[in-house]
Amino acid sequence: MRIQHYLILLCMSVLLFSHDGTCSPKFNVLFLVSDDMRPQLNAYLGEDFPSSTHPRMHTPHLDGLASRSLLLKRAYVQQAVCSPSRTSLLTGRRPDTTRVYDLQHYFRSVGGNFTTIPQYFKSHGYVTAGMGKIFHPGRASNFNDPISWTEPYYSEDNHHWVEEQKNSWFAVNDEETKKFPLPDQLTAQHAIETLTRLAPKAKTGEQPIFVAVGYHKPHLPFVFPSSFLDFYPREDVQLPKNPFAPAYLPEDVWSDFSELRKYKDVADKYGYGAINTTLPNDVVINLRRAYYSAISYTDSLVGKVLQTLDDLELSNNTIVSFWGDHGWQIGEHGEWCKHTNFEIATHAPMMVHVPGLTNTGIVTEHLTEFVDLFPTLAEAAGLPKIPLCPENSANIATCTEGISMVPLMKSNQDIDWKTAAFSQYPKMLIDGDIMMGYSMRTDQYRYTEWLPFDMPAYKPFDDVPVYVVELYDHAVDPDENVNVADFGSYAAVRKILHEKLSQGWRGALPKSG
C-alpha cells in the first residue's frame, strides 16, 4: 500500500495523469504566434470567413495542426492592434483592465502587476523560453517582459534586410536567404535548437518546457522568399467584392490605414486613406498576392518547428497552441491593416492541440475570445485553474476575464456557453477628444457603440449620449456592408443589443458560471 501511495505521489509531482487516465510525463507547451494573420487558412473555409474572392491557400502545416486541434472557428480579439491584443491574451484580461490601448504603454506600469501565461508556467516549475514576437517589443513590454522567462529572450538580427523593408512588400531571392536568413527563419531555427536542447528532460517529464515562438509575418512589410509567389499566380488573385465603406457608416469611425501609407511604394501617392477612396487595382492585386504569400511562408516555418517536435518524440506530451494576434483588412471596405472593429479585423485564427483530447480534431462554432486561452492552457496542462477576476482586479496577480475552453474539447454540442464576444477600439476625434468603440459579436449580429472616453479614468463617461452606433446583421450581410443601426425594422433588435452590451462580458458568461 505504501509503494502504491508513493507511486501516486511521484506521478503527481513529476508527472501527471493524462487525459486517458494514465500516468504520463507533464505536458510541455509549444506556443506559436503569428503577426497580423487573419483566418486566411483552408481550415477556415466557409461561412466563418466571408467573401469568396480568394484563391485556395497553401497552408498545409496549419491545416494539419487544425485537424488534430480544437479549432476555434469564431475566435475574437479584444482589440485589433498588436500590443493591446497580445497583452490581453497573455494576461487573460481585457484592455480596460490592462489599460493598454496603444503600442507604448506597459501593462505592469499602467494596469497592474499581472501574471502572464509564460510567467504562470514558470511559477509551476517550467522552463520558459521566448523568441521572436510574443509580447509587442520595446517599451510596450519592458523589452519582452523579462519576468516571464527563465531563459534569455531571443530577438533575431534584422540588419541585412533594412532596404527591403522600405516598400510594402518584397519577394526575396530564395538562394540569398540561405546566406542571409530572414528574421522569421532565424526565429524558427532558434526554436528548433531550443527544443532539441531541452528535449531529453522534457520528454521524460523531469523538466517540462514552455516554448513560445513568435513569427513577424504576415505583418507589413510583406517580405518573404519569392518561391511562395508560385502558389498564387497573379491571374488567380481577385479584387475584393466590397471595396467601399459600409453604407451609412459615419466618417468619424473610419481608419485611414496610415500603417500602410508609410511605405514608399504606397505613401500618399494614392490619396490619404480617406473614406471611399481606393488604391489602384494593380496595387491592390499585388498587395493581396504578397499577403497570401507571406501567410504561406509563415506556414512553412510553423511546419519546420512541428516536424522537430515529432522528430524529438515530444508530440505525444506537448500541448500546441497557435493564434494570430488579430485579423487584417486587404482592401475590403477600402480598408487596410487592422485598427477597426469590423469583423475582418477582430476575427482571428486560434487552435489548441491537447494530446489525448483533441487528436481527431474538434471544430467549434461557439463564440470564443482571446482572453480564454490563458485559463485553457492552464487547465489542459493540469495546473491549478485560473479564477475569474472580480470587478476590480488591479491588485490581483493571477486571475482571468475569460473562461477555459477545455469543456469545448469534451462536449462541443449542447453546452452552456458564452453568448457574445467583446472587442473595442479607441479613436481620436478632430478636437482631440477620444471615443471608444465597444463592439459585441453575438451569434447573428455585430453591434458597436462609440462612446466618449475618459482616458485618465479608463472608462466611458457616465450619462452621455452615444456618438455613433453600428449594427450589422450577419444573417443577410456577412461582409458587413450595410450599417442598419438606424433602420426602423431593426429598432427592437438595437434595443436588445444595447442592453446586452451595457451588461458587458460578465453578462454574456455561461449561466453555469
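Along each chain, residue indices are assigned from 1 in the same order as the chain's sequence is written. Per-residue local features of the predicted model are confined to residues with pLDDT of at least 70, and side-chain atom pairs are confined, for both listing and counting, to 80 or more; whole-chain, interface and lining totals are unaffected and use all residues. Only heavy atoms go into the side-chain values, all of them from the structure, while hydrogens and water stay out.

1. Comments concerning a nonpolar patch on the surface
Phase 1: Each patch is built from salt-bridge-free residues with over 30% relative accessible area, joining like charges within 9 Å and nonpolar side chains (Val, Leu, Ile, Met, Phe, Trp, Tyr) within 5 Å. To be clear on the numbers: accessible area is Shrake-Rupley with a 1.4 Å probe, and residue cover counts the displayed protein chains and nothing else. Salt bridges are identified by distance alone: a Lys or Arg side-chain nitrogen within 4 Å of an Asp or Glu carboxyl oxygen. There is a patch of nonpolar side chains on the surface, built from Tyr248, Val482 and Phe487 and spanning about 280 Å² of accessible area.
Phase 2: Note on placement: Val482 falls in the loop between β18 (468-473) and α14 (491-503).
Phase 3: Throughout this description, buried means an accessible area under 20% of the type-specific maximum (1.4 Å probe, protein chains only), exposed means over 50%, and partly exposed covers the range between. For Val482, a relative accessible area of 30% puts it in the partly exposed group. By the criteria applied, helices consist of DSSP H or I runs no shorter than four residues and strands consist of E runs no shorter than two, each listed in order from the N terminus.

2. Regarding the environment of Asn167
Phase 1: Mapped onto the elements, Asn167 comes out in the loop between β5 (127-132) and β6 (169-172).
Phase 2: For Asn167, a relative accessible area of 22% gives the class partly exposed.
Phase 3: A sequence separation of 255 residues divides Asn167 from Phe422, and the C-alpha atoms of the two residues are 34 Å apart.
Phase 4: Excluding anything up to four places from it in sequence, Asn167 contacts Pro221, Tyr263, Lys264 and Asp265.
Phase 5: In the analysis that follows, any N or O atom pair within 3.5 Å is treated as a polar contact, provided that within protein one partner can donate a hydrogen and the other can accept it, and provided that, for residues neighboring in sequence, both atoms belong to side chains. Polar contacts involving the side chain of Asn167 include one to the main-chain amide nitrogen of Asp265, which spans 3.4 Å. Only heavy atoms enter the contact rule, under which two residues are in contact if any of them lie within 4.5 Å.

3. Some remarks on the state of the cysteines
Phase 1: Any two cysteine sulfur atoms lying within 2.5 Å of each other are counted as a disulfide. Taken as a whole and assessed by the stated rule, the structure comprises 1 disulfide.
Phase 2: Each sulfur of the disulfide joining Cys389 and Cys399 lies 2.0 Å from the other. Taking the torsion about the S-S bond as the criterion, the Cys389 to Cys399 disulfide, at about 95 degrees, is right-handed. Within this pair, whereas Cys389 is found in the loop between α12 (373-380) and α13 (406-410), its partner Cys399 is found in the loop between α12 and α13, the two being separated by 10 residues in sequence. Of the two residues examined, Cys389 and Cys399, each falls in the buried class.

4. Topic: the domain arrangement of the protein
Phase 1: Taken as a whole, the protein is organised into domain 1 (28-409) and domain 2 (421-508).
Phase 2: Domain start and stop points were drawn from an automatic or database domain assignment. A separation of 25 Å is found between the C-alpha centroids of domain 1 and domain 2.
Phase 3: Between domain 1 and domain 2, the buried area comes to about 3200 Å², and carbon and sulfur atoms account for 53% of it.
Phase 4: Scanning the region where domain 1 abuts domain 2 turns up 5 salt bridges.
Phase 5: The residue Glu391 makes a salt bridge to Arg506 at a minimum N-O spacing of 3.4 Å. Accessible area that two parts lose when put together, with a 1.4 Å probe and added across both, is what the buried area reports.

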